[in-house]
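Chain residues, written in single-letter form:
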Amino acid sequence: MMNPNAKSLIMPWSRHNRLYSVPGRLTLKLALGEAPEGIPSALDVRSGAADPLSKIDGGAIDRILRKHGGAVRVARLHNAARSLGLPGARHRGFDDVEHALGLARTFRIDTLPGCCIHHLVDALRQLSYVEQVSPYYVCATPFIQPAPAEFDLEQAWLPRLQVNAPEALAYEPGDSAVIIAVVDTGVAQTHPELANRLRPGLDTVQLGTHDLATGLLLRGDRSEVDTDPEDEVGHGTSCAAIMGAAGSRIPPGLAGASGLLPLRVLGAAQLTGKSEAIGIGAIADIDMGVKTAIDLGAHVINMSFGTRVADLDEDDPLPHEDVVRYGKARGCLMVAASGNSGVSEEYVPAAYNEVIAVASVDGEGNPSSFNTTGSHVNLCAPGDRVVSAGLRDYQLVTGTSFAAPFVSATAALLVSRSRRRSHPVAAETISRILAESARAWKLGRGEGCGVGVLDALAALRALDREIDGTTAGGGHA
């Protein structure tokens, strides 16, 4: 989840220093019916299939951009779902849902490096047909606690036993046609636990060497949209293995045979004086990855990242709102880590009603002290000292980032079960079953941590009861 290190970076182009933003760049969403059709997608621009444009409307927006930003480069942030496989034409064919939710009307604008972004943003907000405009904010994952070279297999099994994983997998082994998108730092694609479990993925990280302030050094692949979602941090690999490990040296992933779709939306960065890498990425690049995952057919999306709402300006749009609404419209079940701040507050996407927000419990089943809590949190899962895969070997990881995959994996088993029963159920039904089947807190415990602790087996049995009762009644779930 979010790391506070970026908050102290100096940003003379920004109004405040609470949340880092890329210099000389912003996102702009126009009102319905106001977006020009001919602006190419960012994916086509980055891949060389199209050139960015130097203007938007030929009117007030362009005058403001020239005044505050000088020369500009404009590209459409998202691709049309129906044109995803059409290089050079990915900006054509947006459907009514994509238009209504704003995904067809959102643009990335690059200005000259010396542009004072907050003045430009303020000027654009005065236009009636500008629905939203925001600095190009960045979020980051925290450091990962490395595992010892050897670990106790009993220790590795404990978190899985807490959620009745072995019994759940015996009850429902999963369906390879059910897809979980791992929207994260990528996945170590040759790791023996994951090498045969991954679908072809995508890398949407687009950060240049001059996009971050002094003190952060970008490592590895960072500036091109491509089809190589290789992990250079370890965070996404650990999340993926909790859901889909082969079971070579650690317990098998809770999602069983479900497919894993890796989306690398966070690149690798190294802080001065630190040897470990953190995952860092622009919120717009993350949104591009989430939408692409939905368009590629993901049934469940695991989002172990977030942005603290209190770090935003009061006029800023909430991050990820459009893609979360898009996921709901497409019937996708979305799961997010609640945060690791240790206090009651909100991170998005976890705080959205459409998202299942997951906090952590320790080995004794008690809420973890680092949990971000609140009324929006739905339930908990193991997230304290979980043994999982790392970049080259194995890691002992801690945080709500690693609790969320247990819930995502169980959601995939529920989708698999409903398909096996030839009785598809809505994402909202699965979300409700996960909450209703959780082991309730004992009196006086779990305040702000949802209804209780995930129970994968109980969720599957509850789904069967619901299907059997609905079928007997002649209706549909």
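Residues numbered from 1 in each chain as written. Predicted model: local features only at pLDDT ≥ 70, side-chain atom pairs only at ≥ 80, totals over all residues. Heavy atoms only, no water.

Colleague: Before we go on, may I ask you to explain the packing of helix H2 (residues 60-69) against helix H4 (residues 117-124) in this structure?
Modeller: For any two helices packed against each other, one specifies the crossing angle of their axes together with the interaxial distance. Packing of H2 against H4 leaves a shortest axis separation of 10 Å and a crossing angle of 160°. Considering their axes alone, H2 and H4 lie roughly antiparallel with respect to each other. Crossing of H2 against H4: the hand is right-handed. Where H2 approaches H4, its residues Ile61, Ile64, Leu65 and His68 are matched on the opposing element by His119, Leu120, Ala123 and Leu124. Grouping the amino acids of the contact of H2 with H4 by side-chain chemistry returns 6 nonpolar, 2 polar and no charged. (Axes fitted to C-alpha atoms, helices over the stretch in contact; angles between N-to-C directions. Helix = DSSP H or I, 4+ residues; strand = E, 2+ residues; numbered from the N terminus. Parallel < 35°, antiparallel > 145°, perpendicular 65-115°, else oblique. Left-handed = near helix turned anticlockwise from the far one by under 90°. Contact = heavy atoms within 4.5 Å. Nonpolar A, V, L, I, M, F, W, Y, C, P; charged D, E, K, R; others polar.)

Colleague: What's the story with the environment of Ala89 in this structure? I'm lost.
Modeller: Residue placement: Ala89 occurs in the loop between strand S2 (73-76) and helix H3 (96-100). Judged by its relative accessible area of 22%, Ala89 is partly exposed. Sequence-distant contacts of Ala89, defined by excluding residues within four places in its chain, comprise Asp44 and Ser83. (Buried < 20%, exposed > 50% of the residue type's maximum accessible area, 1.4 Å probe, protein only.)

Colleague: Looking at this model, I keep getting lost on the confidence of the model for the chain. Mind explaining?
Modeller: As a general rule, the predicted coordinates of low-pLDDT regions are not to be interpreted in detail. Scored by pLDDT, the chain comes out at a mean of 90, with 91% of its residues at no less than 70. Across residues 1-14, confidence stays below pLDDT 50; counting only partners more than four residues off in sequence or on other chains, it has 55 contacts. (pLDDT = per-residue confidence, 0-100.)

Colleague: I tried to follow the sheet that holds strand S10 (residues 277-282) on my own but got confused; where do I start?
Modeller: Two modes of strand pairing occur in sheets, parallel and antiparallel, and in both the strands are linked by backbone hydrogen bonds. Here 7 strands make up an open sheet; going across it, the order is S2-S3-S1-S4-S10-S9-S7 and the pairing antiparallel. The open sheet has two edge strands, S2 and strand S7 (216-219), and neither has a second partner. Going across the sheet, the axis of each strand differs from the next one's by a mean of 30°, ignoring polarity. Sitting on the sheet, H4 is in contact with strand S1 (21-30) and strand S4 (130-140), with an inclination near 150° to S4. (Pairing = 2+ DSSP bridges.)

Colleague: Before we go on, may I ask you to explain the pairing of S7 in this structure?
Modeller: Two faces make up the sheet, and in a regular strand the side chains alternate between them. Burial of S7 is one-sided: the residues Leu216 and Leu218 facing one way are buried, the residues Leu217 and Arg219 facing the other way are not. The sheet contact formed by S7 and strand S9 (residues 267-271) spans 4 bridges and is antiparallel. Residue pairing across strands places Arg219 opposite Ala268, the latter belonging to S9.

Colleague: Looking at this structure, I do not really get H2. What am I missing?
Modeller: Residues spaced three or four apart along an α-helix point in a common direction, a consequence of the helix completing one turn every 3.6 residues. Residues of H2 that are buried include every one of Ala60, Ile61, Asp62, Ile64, Leu65 and Gly69, and no others. Buried residues in H2 make contact with S1, strand S3 (106-110), H4 and S4. Where H2 terminates, the next one or two residues include Gly70, which has phi positive at roughly 70°.

Colleague: Is there a simple way to think about the packing of aromatic side chains in this case?
Modeller: To describe a pair of aromatic rings, one takes the distance between the centres and the angle between the planes. Per the counting criterion, the structure on display carries 0 aromatic pairs. Its end group placed over the ring of Tyr136, Arg25 keeps NZ or CZ at 5.1 Å from the ring centre. (Phe/Tyr/Trp six-rings, centres within 6.5 Å; stacked < 30°, edge-to-face > 60°. Lys NZ or Arg CZ within 6 Å of the ring centre and 35° of its normal.)

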